[in-house]
Amino acid sequence: MIQDIAPHKYYVDYQPSTPKDTDLVLIYGHHTILCSFKDPQIRYPSIAEIASVFPAIKEKAKFLFRIDTTDYYELRNPQISEFSCWKYENTRILRCAVPGWLGFAGITGYQIHTWYTDHTYCGRCGTKMHAPGNERAMQCPSCGALSYPVICPSVIVAITDGDRLLLTKYAPSHSSHRQYALVAGYTEVGETLEQTVHREVMEEVGLKIKNLRYYKSQPWSFSGSLLAGFYCDVDGDPSITLDREELSVAEWFHRDSLPETPNLISLTGEMIECFRQGKEPASAHISSTL
């Protein structure tokens, strides 16, 4: 999956220091990133390369994270214009960028960048926020409100009926993603992950389920989510009642006739592939009751 970058190591610790010339800068626009992209190869500019057009980069760069021995920074303001080989590309390219660990860096940085951008002003009193400098946070100088990055818990649900797996496609009005997917949804306030699984399955395809078993989780920076993957069995009638506001298609596929998954960067893709190969967890490790 996209976060599996070994042998490279991602350090989430907030430990800013003076940028080195060889450290990398992730500069974002609206759903865009400044990079050199020769499909599928990607490269990001270094501090030294940005300094050639913006000498104040070391003073203005904001620390993001570290991968191996390289620190990654962003420049929130001003926006750098395209220059030399550096062009703004849609962040969608990060799904298939090579090497994959640089794709992970780009999209993870974009999640942090978006959070900072969305918290420019205090949600309590409207005063402009500032970063305290000792942690990844934004603080209001007027009322003292302290905000930390928000991560949205979500579920991915592989619903099985013997050797069949339920695949869905989003409605065009709900998502631009056109490939087959699994039932998914965000956890609501006051709800457990298990309750989310039952609710989302009933809302989207009208099925009762049983035998929930947790598979694994994935940080999914494209939507600012932490995904939790579950397998479950249909309980009773497998007839589908489709929520056409969210989905355009919901179909049962035998494991021998599943559509090909284009890549395995996502939890959804890996779970479909596990079912294809008969490697899905067979027994429940958690309670399936509400």
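The structure reproduced in this document is the subject of the present report. Only a predicted model underlies this, so the values are computations on that prediction, with no experimental measurement involved.

## Things to note about the overall build of the protein
Thinking step 1. Looking only at helices and strands, one finds five helices and 15 strands in the protein.
Thinking step 2. Taken along its principal axes, the extent of the C-alpha atoms in the protein is 65 × 45 × 35 Å.
Thinking step 3. Of all 290 residues assigned to the protein, the portion counted as buried reaches 46%.
Thinking step 4. Within the protein, counting contacts between residues at least 6 apart in sequence, those at least 24 apart form 65% of the total.
Thinking step 5. Accessible area for the protein stands at about 14,400 Å²; split by element, carbon and sulfur atoms hold 51% of it.
Thinking step 6. Here the protein carries 27 positive and 34 negative side-chain charges, and the mean point of each set is 5 Å from the other.

## Quick notes on the pattern of salt bridges
Thinking step 1. The tally for this structure, following the rule as stated, stands at 15 salt bridges.
Thinking step 2. Of the charged contacts, one joins Arg255 and Asp163 as a salt bridge, the two residues approaching to 3.0 Å between their closest N and O atoms. Of this pair, Arg255 sits in the loop between strand 15 (247–254) and helix 5 (267–276) while Asp163 sits in the loop between strand 10 (152–161) and strand 11 (164–170), and the two are 92 residues apart along the sequence.
Thinking step 3. By relative accessible area, which is 40% here, Asp163 ends up partly exposed.
Thinking step 4. A salt bridge links Glu203 to Arg199; the shortest N-O distance between them is 3.2 Å. With Glu203 and Arg199 both in helix 4 (residues 193–205) and four residues apart, the pair spans about one turn of that helix.
Thinking step 5. We classify Arg199 as buried; its relative accessible area is 19%.
Thinking step 6. Beyond isolated ion pairs, a larger network of salt bridges with shared partners links Glu191, Arg199, Glu200 and Glu203.

## Remarks on the pairing of strand 5 (residues 62–67)
Thinking step 1. With two bridges joining them, strand 1 (residues 10–11) and strand 5 adopt antiparallel strand pairing. Its bridge partner being in strand 5, Tyr10 is matched across the sheet by Ile67.
Thinking step 2. Both strand 5 and strand 6 (residues 70–74) contribute to a ladder of five bridges, which runs antiparallel. Each bridged residue has a counterpart across the sheet, and for Phe65 the counterpart in strand 6 is Tyr72.
Thinking step 3. The turn linking strand 5 back onto strand 6 is made up of two residues, and Asp68 within it adopts a positive phi angle of 60 degrees.

## Quick word on unusual backbone geometry
Thinking step 1. Look at the link from Asp39 to Pro40: it is a cis peptide, with omega at 5 degrees.
Thinking step 2. Summarising the element assignment, Pro40 is placed in the loop between strand 3 (32–38) and strand 4 (41–43).
Thinking step 3. Despite not being glycine, His31 has its phi angle at roughly 60 degrees, a positive value.
Thinking step 4. Residue classification places His31 among the partly exposed residues on the basis of a relative accessible area of 39%.
Thinking step 5. A positive phi angle, close to 50 degrees, is found at Ser84, a residue other than glycine.
Thinking step 6. Residue position: Ser84 is located in the loop between strand 6 and strand 7 (87–90).

## Let's talk about the nonpolar core
Thinking step 1. Residues Ile42 and Tyr72 are the most contacted members of the largest nonpolar core, which totals 49 residues.
Thinking step 2. When residues no more than four places from it in sequence are discounted, the contact partners of Ile42 are Cys35, Ser36, Phe37, Ile93, Leu94, Ala97, Val98, Pro99 and Leu102.
Thinking step 3. Counting residues in each nonpolar core, the second largest holds 18 residues, with Val155, Val197, Val201 and Val234 among its members.

## Observations regarding the sheet that holds strand 1
Thinking step 1. Taken in spatial order, the four strands make up an open sheet running 1-5-6-2, and their pairing is mixed. In this open sheet, the two strands that pair with only one neighbour each are strand 1 and strand 2 (24–26).
Thinking step 2. Strand contacts of helix 3 (residues 100–118): strand 1, strand 2, strand 5 and strand 6, with the helix running at about 150 degrees to strand 5, the strand carrying the most contacts.

## With respect to the sheet that holds strand 7
Thinking step 1. Within the open sheet, the three strands sit side by side as 4-3-7. Their pairing is antiparallel. Each having just a single partner strand, strand 4 and strand 7 make up the two edges of the open sheet. Strand after strand, the sheet turns through a mean of 65 degrees between neighbouring axes, direction not considered.
Thinking step 2. Sheet topology places strand 3 next to strand 4; three bridges connect them, and they run antiparallel. Of the residues in strand 4, the one forming a bridge with Ser36 is Arg43.

The rules we used
- Residues numbered from 1 in each chain as written.
- Predicted model: local features only at pLDDT ≥ 70, side-chain atom pairs only at ≥ 80, totals over all residues.
- Heavy atoms only, no water.
- Helix = DSSP H or I, 4+ residues; strand = E, 2+ residues; numbered from the N terminus.
- Buried < 20%, exposed > 50% of the residue type's maximum accessible area, 1.4 Å probe, protein only.
- Contact = heavy atoms within 4.5 Å.
- Areas by Shrake-Rupley, 256 points an atom, 1.4 Å probe, with all protein chains shown as cover.
- Lys, Arg positive; Asp, Glu negative; His and termini not counted.
- Charge placed at Lys NZ, Arg CZ, Asp CG, Glu CD.
- Salt bridge = Lys/Arg side-chain N within 4 Å of Asp/Glu carboxyl O.
- Pairing = 2+ DSSP bridges.
- Core = buried A, V, L, I, M, F, W, Y, C linked by side-chain atoms within 4.5 Å.
- Axes fitted to C-alpha atoms, helices over the stretch in contact; angles between N-to-C directions.

Geometry only, nothing functional implied.
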